[in-house]
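Topology and contacts: notes
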Amino acid sequence: LGKPEPLAKKSNMALALQNLAKVDLNARLAEKRYNFSRMQEEDRRSEAVRAVWNEEFEQRHEIAKRKAEEERCAAEEEALAWQHTLRQFANMEALMDEVGACLNIPFDNP
């Protein structure tokens, strides 16, 4: 059997083990803090990406609304132009009927 170790050596070993445990605990805590910080940074980046996507979506939505409004206005203008043209034809037809009635010539018969 070995000689019993002096008490001072045992207490130094106990202190060393205690310090090692503290270092290990501190290392684990530091790793957890690092991981937490990394997750927070990823969340911030994700939020920034979402904000950019939302802004882009809003811009595209506004462009689509403007384009739809422009198309609606163009269709309205075209309808008004056709309406005006049809009125002119109707007025011309009425004028021809009037002239035909005055001259006693029916314009609808060939």
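It should be noted that the structure appears before, not after, this text.
All chains use their own residue numbering, which begins from 1 and follows the written sequence. Per-residue local features are limited, in this predicted model, to residues with pLDDT of at least 70; the limit for side-chain atom pairs, both in listing and counting, is 80 or more; totals at the level of whole chains, interfaces and linings are taken over all residues. With hydrogens and water set aside, each side-chain value is computed from the structure's full complement of heavy atoms.

1. So, the overall build of the protein
The secondary structure content of the protein amounts to one helix and zero strands. The cut-offs for exposure are 20% and 50% of the maximum accessible area for each residue type, with area from a 1.4 Å probe on protein chains only; residues under the lower value are buried, those over the upper are exposed, and the others partly exposed. Across the 110 residues in the protein, those meeting the buried criterion constitute 1%. Methods summary: accessible areas were calculated by the Shrake-Rupley approach with a probe of 1.4 Å, and residue burial reflects only the protein chains presented. Summed over all atoms, the accessible surface of the protein reaches about 10,600 Å², with 60% contributed by carbon and sulfur. Helix and strand definitions here come from DSSP, where helices need a minimum of 4 consecutive H or I residues and strands a minimum of 2 consecutive E residues; each element is numbered from the N-terminal end.

2. Details of a nonpolar patch on the surface
Patch building starts from residues that exceed 30% relative accessible area and form no salt bridge, then joins like charges within 9 Å and nonpolar side chains (Val, Leu, Ile, Met, Phe, Trp, Tyr) within 5 Å. Between Lys or Arg on one side and Asp or Glu on the other, a salt bridge is scored when a side-chain nitrogen of the former is within 4 Å of a carboxyl oxygen of the latter. A surface patch of nonpolar side chains, amounting to about 570 Å² of accessible area, comprises Trp82, Leu86, Phe89, Met92 and Met96. As for its position among the elements, Met92 is in helix α1 (residues 7-103). Its relative accessible area of 45% is what places Met92 among the partly exposed residues.

3. Quick look at the pattern of salt bridges
Under the definition given, this model contains nine salt bridges. Between Arg38 and Glu42 there is a salt bridge whose closest N-O contact spans 3.8 Å. Of the two residues, Arg38 and Glu42 are both situated in helix α1; the distance of four residues between them amounts to about one turn of the helix. By relative accessible area, Arg38 is classed as partly exposed at 42%. Among the charged side chains, a salt-bridge network with shared partners connects Glu41, Arg44 and Arg45.

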